[in-house]
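Architecture and fold: a report
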Amino acid sequence: MVKKCFFIAVFLLSFSTAASANITLFTFAEAHTAIFNTPVERETIHDGWKTIAYRKTRPMPSYLLAIASGRLDSVPIPGMSIPGRLY
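The sections below set out a description of the structure shown in this document.

Rules used throughout
Residues numbered from 1 in each chain as written. Predicted model: local features only at pLDDT ≥ 70, side-chain atom pairs only at ≥ 80, totals over all residues. Heavy atoms only, no water. Helix = DSSP H or I, 4+ residues; strand = E, 2+ residues; numbered from the N terminus. Buried < 20%, exposed > 50% of the residue type's maximum accessible area, 1.4 Å probe, protein only. 1 Å grid on protein atoms, 1.4 Å probe; cavity = no way out; pocket = protein on both sides within 12 Å on 5 of 7 lines; lining within 4 Å. Points joined across faces, edges and corners; volume = space filled by probe spheres on them. Nonpolar A, V, L, I, M, F, W, Y, C, P; charged D, E, K, R; others polar. Pairing = 2+ DSSP bridges. Salt bridge = Lys/Arg side-chain N within 4 Å of Asp/Glu carboxyl O. Contact = heavy atoms within 4.5 Å.

Turning to unusual backbone geometry, a few remarks are in order. The phi dihedral of aspartate 47 falls on the positive side, at around 55°, and the residue is not glycine. Its location among the elements puts aspartate 47 in the loop between strand 3 (40-46) and strand 4 (49-55). For aspartate 47, a relative accessible area of 66% corresponds to the exposed category.

Now the structure itself:
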């Protein structure tokens, strides 16, 4: 069975959890890596915990939201116009 997915502008969302509504914050163990859909705005480390602030996403369907955290291995992708990594 195939179901159609429609990209209707009124159903697209921007994701942010910070009070300023321009960034998304995640706090996790310092040894872990975190991945989100947008670039890092700032990063702080305090008592073994890392807090990363990400920029607000552009409007997009909720099923494209990507959040990952943990001890992740990665490999850089050479030759791209923006930094890229495979996890």
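Over the atoms a probe the size of a water molecule is rolled, and this reveals where empty space is left. When its volume is computed, the largest pocket comes out at roughly 510 Å³. In this structure, the largest pocket is lined by 20 residues; those nearest its centre are Ile35, Phe36, Thr38, Pro83 and Tyr87. Breaking the lining of the largest pocket down by element, the ones donating at least two residues are strand 2 (33-35), strand 3 and strand 4. Residues of the lining of the largest pocket, tallied by class, amount to 12 nonpolar, five polar and three charged.

Bridge count for strand 3 against strand 4 is six bridges, and the pairing is antiparallel. If you follow isoleucine 45 over to strand 4, its bridge partner there is lysine 50. Hairpin connection, strand 3 to strand 4: the antiparallel pair is bridged by two residues, and aspartate 47 has positive phi, about 55°.

Below, the discussion takes up the pattern of salt bridges. Close approach of charged atoms allows side chains with opposite charge to pair. As enumerated under the stated definition, the model contains two salt bridges in all. Where arginine 55 meets glutamate 41, a salt bridge forms, and the shortest distance between an N and an O atom there is 3.3 Å. Residue arginine 55 is located in strand 4, and its partner glutamate 41 is located in strand 3; the two are separated by 14 residues in the primary sequence. Take glutamate 41: its relative accessible area is 44%, and that puts it in the partly exposed class. Linking lysine 50 and glutamate 43 is a salt bridge whose minimum nitrogen-to-oxygen distance equals 4.0 Å.

On to the side chain of threonine 38. In this structure, threonine 38 sits in the loop between strand 2 and strand 3. Relative accessible area serves as the criterion here: at 13%, threonine 38 is assigned to the buried category. When residues no more than four places from it in sequence are discounted, the contact partners of threonine 38 are Tyr54, Arg55, Lys56 and Thr57.

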